[in-house]
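# Remarks on the overall topology
Here is what each chain is made of, one letter per residue.
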Amino acid sequence: MTGLVEEYLRPLRAGLRTGPEEASRIMAEAEDHLRESVAVGRAAGLTETEAAEAAISSFGTVRAVVRAHQTPRGQAAAALRGLFMALCSWQGPR
């Protein structure tokens, strides 16, 4: 597997806020999908780097994938963090 895919998977693993079994399942699916996409790109004549970049681009950002796999508890915590940050930065009416 290419270094780009491995570089993508590290922060994905770190960002997942699910149980260990669910995180392992998500990581296996992500790795499998990316590996297959790289192979398709290579078969189409792309370099390893080009194929990895295309695979990662089509898979989505780490942030988007993490958000898509948040547990309801994690989603609630993220919403509260966002609200808190908005309130902290609010400067009132002008």
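Presented here is a report on the structure given in the accompanying data block.

The rules we used
- Residues numbered from 1 in each chain as written.
- Predicted model: local features only at pLDDT ≥ 70, side-chain atom pairs only at ≥ 80, totals over all residues.
- Heavy atoms only, no water.
- Helix = DSSP H or I, 4+ residues; strand = E, 2+ residues; numbered from the N terminus.
- Expected span 1.5 Å × (residues − 1).
- Buried < 20%, exposed > 50% of the residue type's maximum accessible area, 1.4 Å probe, protein only.
- Arc of directions from axis to C-beta.
- Contact = heavy atoms within 4.5 Å.
- Axes fitted to C-alpha atoms, helices over the stretch in contact; angles between N-to-C directions.
- Parallel < 35°, antiparallel > 145°, perpendicular 65-115°, else oblique.
- Nonpolar A, V, L, I, M, F, W, Y, C, P; charged D, E, K, R; others polar.

### Quick look at helix 1 (residues 3–15)
Taking 1.5 Å of rise per residue, 13 residues should cover 18 Å, and helix 1 covers 19 Å from first to last C-alpha, within 8% of that figure. Turning to helix 1, its buried residues number three or more, namely Val5, Tyr8, Leu9, Leu12 and Gly15. Taken end-on, helix 1 shows its buried residues confined to a sector of 125°, consistent with a single buried face. Counted as exposed and oriented over 90 degrees from the buried face of helix 1: Arg10 and Ala14. Structurally, helix 1 contributes buried residues whose contacts are with helix 2 (20–43), helix 3 (48–59) and helix 4 (62–68).

### Focus: helix 2
Taking 1.5 Å of rise per residue, the 24 residues of helix 2 would be expected to cover 34 Å, and the 34 Å separating its terminal C-alpha atoms lies within 8% of that figure. When we look at burial in helix 2, the residues that qualify are Ala23, Ile26, Met27, Ala30, Leu34, Ser37, Val38 and Gly41. On its buried face, helix 2 sits against helix 1 and helix 3. Positive phi appears at glycine 45, one or two residues downstream of helix 2, with a value of about 100°.

### Overview of the packing of helix 1 against helix 3
One can describe the packing of helix 1 onto helix 3 by two numbers: an axis separation of 8 Å at closest approach and a directional angle of 30°. Put simply, helix 1 runs roughly parallel to helix 3. Contact residues: Leu4, Val5 and Tyr8 in helix 1; Thr49, Ala52, Glu53, Ile56 and Phe59 in helix 3. The class makeup of the residues in the contact of helix 1 with helix 3 is six nonpolar, one polar and one charged.

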